[in-house]
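Understanding the architecture of this molecule
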Amino acid sequence: MNRAEKEEYLREYGQLKAEGEPFFPYSVAKDSIIAVVVMAIIITMSIVLGAELGPKADPTSTTYVPRPEWYFFFLFELLRIIKPPELVPLATIGVPTIGLILLFLLPFYDRGAERHPLRRPVATTAGIMVIFAMGYLTYMGAAAGSPNEIEMKAPSTLTGVALVEWEKGKTVVGQSGCLACHKIGENGNDGPGPQLTHVASKLPAQAIAQTLRNPTSPMPSFKNLEEQSPEKFRAMVSFLGQLN
Amino acid sequence: MPDLKKFLPPIPDSLKLQPRRAGTNPEPETALDNAQEAGKHAAGWIDERLQLSGAVRWALFRKVPRHDWTYTLGFSVMFAFLSQAVTGVFLATAYDPSTTNAYESIRQMTNEAFLGQFLRGMHRWGSTVMVILVFLHMAQTFFYGAYKYPRELNWVIGVVLLVLTMAMSFTGYLLPFDQRSYWATIVGVNINGTGPIVGPYLSDFLRAGPEFGATTLSRFYAIHMLLVPGAIGAMVGAHLWLVMRLGTTSPPWNKPRKKADA
Ligand code: HEM
């Protein structure tokens, strides 16, 4: 806005203000009504939806759902869909940071005098697109599969019993919550534990089994699993042992 | 003595105090008369010292451009924030921010305390409502072009408020210390750590150390109930001060009825 536009705006605004209404009761009445509505919504949600409390936090646990509040889903989803490792920092912090900087600086790069949304096609379109993108990511985040699932295809060389064993191992590893700390293929969190996508090329199956029995903290031990259901343990080892 | 009428909303005629007839009772006599006078005197005494009646009158009766219902969104956010503050204080009376007792204190509150579950629900869903309202308010000011001259700073303060609101939600999520909150927070803090430059420091600050440990919970609690709410309070103060100074916008499609003659 140049000087003339600023003055024109202030003049017109002054006029609109003079033709306006006193804050009390005009605005106060509307605000009070809305306050009642907001309170009613919160109370209703509290009564209908309640406040759940899951099982107590257990740092050694193996089954958990690392779900954030739903309004962070779009950030999580961003993380999920940007797969290549070298782009991950960009997804996690890059996109949100750039978005935030753009948001902060908005009044300094969009300085046109026009305020009517229909006569600001670029701003209005960009705004609507951002809303749709965030809505879409939130929806995808909400619909995303269980965080305890590994979406990996068996190597085509596997057939018969070996394939069944592999699939079983994949399920057990997923259910055991390894993804909380390890990345396997495209699933799981990268850290605190190392990626397991190619463990077998670093560790032979024997060493993997040994780590499962005697892990370094905070990883839980699977010794009990081996004693109670040895076939599950074997499946785990055979799955992990084939991740080359 | 300042005139009390200037504080008062317009009162329907039927409710107005009847003026005394001239010549009768120049001094208060009955107890009722005295009671009526006492309020005026107290207000007058206070105002003689605070000298606020002018500012209050200005704030209440300043003119605002005619607007639509979307202009109530800013106030709704503030109202939701106040609700969070009040319910939060109640929750704090029963909450124990230690890794050993946090979960148990919440469980007791939820299952045993009178209206405990309701109170938690108010705070929990209040946060959702507040976040939605912040986004709606931001969208409103965006589409109405309210961030333009001369309200640029108000927009910038608003973005700070948006970040602070999200920080509230993030830090509050850990406090019940159940499985969900624990693991989601670990993941969230790790994600923070991958950020450029400040990322690792931010993670260390949040965890109160390089590992997720016993002090992490107290750290989150302090951030959630002192640091961030204090900052929000201050920022909302600045935000509202600017709104009052500059006046709220007019919806961009409203034009003055008569052309400004200048
Ligand atoms: C805790 C969060 C917030 C609170 C309590 C709050 C409160 C308010 C209130 C009460 C108003 C005046 C009434 C109205 O126009 O709605 C207002 C105006 C405004 N707010 Fe906020 N706000 C918050 C967050 C934000 C955010 C996130 C933004 C944008 C990034 C923002 C930008 C603005 C702008 C530009 C105005 C001037 C609107 C106008 O004059 O028409 N605010 N805010």
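Quick notes on the rules
Residues numbered from 1 in each chain as written. Chains lettered and ligands numbered in written order. Predicted model: local features only at pLDDT ≥ 70, side-chain atom pairs only at ≥ 80, totals over all residues. Heavy atoms only, no water. Helix = DSSP H or I, 4+ residues; strand = E, 2+ residues; numbered from the N terminus. Contact = heavy atoms within 4.5 Å. Areas by Shrake-Rupley, 256 points an atom, 1.4 Å probe, with all protein chains shown as cover. Donors = N, O, S within 2.8 Å, 3.2 Å for Na, K, Ca; no water. Tetrahedral: all angles 85-135°; square planar, octahedral: opposite > 155°, others 65-115°. Buried < 20%, exposed > 50% of the residue type's maximum accessible area, 1.4 Å probe, protein only. Buried area = accessible area lost by both parts, 1.4 Å probe. Salt bridge = Lys/Arg side-chain N within 4 Å of Asp/Glu carboxyl O. Polar contact = N/O pair within 3.5 Å; in protein donor to acceptor, adjacent residues only side chain to side chain. Nonpolar A, V, L, I, M, F, W, Y, C, P; charged D, E, K, R; others polar. Phe/Tyr/Trp six-rings, centres within 6.5 Å; stacked < 30°, edge-to-face > 60°. Lys NZ or Arg CZ within 6 Å of the ring centre and 35° of its normal. UniProt positions renumbered as here; feature names shortened; annotations may be inferred. pLDDT = per-residue confidence, 0-100. Axes fitted to C-alpha atoms, helices over the stretch in contact; angles between N-to-C directions. Parallel < 35°, antiparallel > 145°, perpendicular 65-115°, else oblique. Expected span 1.5 Å × (residues − 1). Patch = residues over 30% accessible without salt bridge, like charges linked within 9 Å, V, L, I, M, F, W, Y side chains within 5 Å. Domains from an automatic or database assignment. Near = heavy atom within 4 Å. Core = buried A, V, L, I, M, F, W, Y, C linked by side-chain atoms within 4.5 Å.

Attention shifts here to the overall build of chain B. Each helix and strand in chain B was counted, giving nine helices and one strand. In chain B, the order of α-helices and β-strands from amino to carboxyl end is α-α-β-α-α-α-α-α-α-α. Across chain B, the fraction of contacts at a sequence separation of at least 24, relative to all contacts at a separation of at least 6, is 71%. Per element, the accessible surface of chain B, about 14,200 Å² overall, is 67% carbon and sulfur.

All names here are of chain B. Around the iron atom of the ligand, the protein contributes the donor atoms His137 (NE2) and His239 (NE2), which lie 1.9 to 2.1 Å from the metal centre. Given six donor atoms and angles of 84 to 179° at the metal, the environment of the iron atom of the ligand is assigned as octahedral. Residue histidine 137 is found in helix α5 (residues 116-143), and its partner histidine 239 is found in helix α9 (residues 214-246); the two are separated by 102 residues along the sequence. Its relative accessible area of 15% is what places histidine 239 among the buried residues.

In this section: the interface of chain B and chain A. Each partner contributes residues to the interface: chain B has 91 residues there, and chain A has 83 residues. For the pair chain B and chain A, the summed buried area comes to about 8,100 Å², and 68% of that belongs to carbon and sulfur atoms. Here chain B and chain A share five salt bridges between them. The interface formed by chain B and chain A contains 36 residue pairs in polar contact (both at pLDDT 80 or more). Per-element accounting of the side of chain B that touches chain A gives the leading share, 18 residues, to α5 of chain B. Classifying every residue of the side of chain B that touches chain A gives 51 nonpolar, 24 polar and 16 charged.

Looking now at the environment of glutamate 8 of chain A. Among the structural elements, glutamate 8 of chain A can be located in helix α1 (residues 3-18). It is 9.7 Å that separates the C-alpha atoms of glutamate 8 of chain A and alanine 113 of chain A, two residues lying 105 residues apart in sequence.

All right, on to the packing of aromatic side chains then. Scanning all chains against the criterion turns up 16 aromatic pairs over all chains. On the numbers, 5.8 Å between centres and 15° between planes, the contact of phenylalanine 142 of chain B with tyrosine 147 of chain B is stacked. Taken together through their ring pairs, the aromatic side chains of Trp70, Tyr71 and Phe72 of chain A together with Phe170 and Phe220 of chain B make up a single cluster. In this arrangement the basic side chain of lysine 30 of chain A is found over the ring face of tryptophan 69 of chain B, its NZ or CZ atom lying 5.4 Å from the centre.

With that settled, consider the UniProt feature "transmembrane region" (unreviewed entry) in chain A. Residues and elements named next belong to chain A. Feature annotation in UniProt assigns "transmembrane region" (unreviewed entry) to the following positions: residues 33-51, 87-109 and 121-142. Taken end to end, residues 33-51 has its terminal C-alpha atoms 27 Å apart, with 89% of it in helix and 0% in strand. As annotated, residues 121-142 has a helix share of 100% and a strand share of 0%, and its two end C-alpha atoms lie 31 Å apart.

With that settled, consider the confidence of the model for chain B. Model confidence for chain B is summarised by a mean pLDDT of 88, while 86% of its residues fall at 70 or above. For this predicted complex, the interface score ipTM comes out at 0.85, alongside a pTM of 0.79.

The packing of two helices is summarised by the inter-axis angle and the distance between the axes. Residue and element names in this part refer to chain B. Close contact between helix α6 (residues 152-174) and helix α7 (residues 179-193) brings their axes to 7 Å; oriented N to C, the two are set at 135°. With respect to α7, the axis of α6 lies oblique. Across the interface between the two elements, Phe170, Tyr173 and Leu174 from α6 touch Arg180, Ser181, Tyr182, Ala184, Thr185, Gly188, Val189 and Asn192 from α7. Among the residues forming the contact of α6 with α7, the class breakdown is six nonpolar, four polar and one charged.

Turning our attention to the side chain of histidine 182 of chain A. All names here are of chain A. Turning to its location among the elements, histidine 182 is positioned in the loop between α6 (160-175) and β2 (183-184). Within the structure, histidine 182 has its side chain in polar contact with the backbone oxygen of proline 194 (distance 2.7 Å). Sequence-distant contacts of histidine 182, defined by excluding residues within four places in its chain, comprise Asn187, Gly188, Asn189, Gly193, Pro194, Leu196 and Met219.

What follows deals with helix α1 (residues 31-50) of chain B. Residues and elements named next belong to chain B. Here α1 is 20 residues long and its end C-alpha atoms lie 29 Å apart, about the 28 Å a rise of 1.5 Å per residue gives. The complete set of buried residues in α1 reads Asp33, Gly44 and Asp47. Against α2 (53-61) lie the buried residues of α1.

For the rest of this paragraph, the subject is a nonpolar patch on the surface. Residue and element names in this part refer to chain A. Taken together, the side chains of Ile98, Ile101, Leu102, Leu105, Phe108 and Tyr109 make up a nonpolar region of the molecular surface, amounting to roughly 580 Å² of accessible area. Its location among the elements puts isoleucine 101 in helix α4 (residues 88-109). Accessibility expressed as a relative area gives 45% for isoleucine 101, which makes it partly exposed.

With that out of the way, let us pick up the domain arrangement of chain A. Much of the literature gives interface size as the accessible area that the parts lose upon coming together. Each domain of chain A was delimited in the assignment, giving domain 1 (1-53) and domain 2 (160-240). Distance from the C-alpha centre of domain 1 of chain A to the C-alpha centre of domain 2 of chain A: 56 Å.

Further remarks concern the pattern of salt bridges. One pass over the full model with this rule turns up 16 salt bridges over all chains. With a shortest N-O distance of 3.9 Å, aspartate 110 of chain A and arginine 120 of chain A are connected by a salt bridge. Separated by ten residues along the polypeptide, aspartate 110 of chain A in the loop between α4 and α5 (121-143) and arginine 120 of chain A in the loop between α4 and α5 bring together distant segments of the chain. Connected through shared salt-bridge partners, Asp110 and Arg120 of chain A together with Lys148 of chain B make up one network.

Residue and element names in this part refer to chain B. Around the ligand, the structure places 24 residues, and the nearest of them are Gly74, His137, Gly158, His239 and Thr249. The contact in question runs from an oxygen atom of the ligand to an N or O atom on the backbone of glycine 74, over 3.1 Å. Between threonine 249 and the ligand, the recorded distance is 2.6 Å, taken from a side-chain N or O atom to an oxygen atom. Looking at the shell around the ligand, the elements with two or more residues in it are α3 (73-94), α5, α6 and α9. With six residues, α6 is the largest single contributor of residues to the shell around the ligand. Residue composition of the shell around the ligand, grouped by class: 14 nonpolar, nine polar and one charged.

Attention now goes to the UniProt feature "transmembrane region" (unreviewed entry) in chain B. Feature annotation in UniProt places "transmembrane region" (unreviewed entry) on residues 69-95, 125-147, 153-175 and 222-243 of chain B, given in this structure's numbering. Spanning residues 222-243 of chain B, this segment combines 100% helix with 0% strand, and its end C-alpha atoms are found 30 Å apart.

Next up on the list: the nonpolar core. Grouped together as the largest cluster of nonpolar side chains are 57 residues, with contacts concentrated most on Phe177 and Ile232 of chain B. Contributing elements (two or more residues each) for this core: α2 (23-49) of chain A together with α3, α4 (102-111), α5, α6, α7 and α9 of chain B. Counting residues in each nonpolar core, the second largest holds 22 residues, with Leu158, Val199, Ile208 and Phe239 of chain A among its members.

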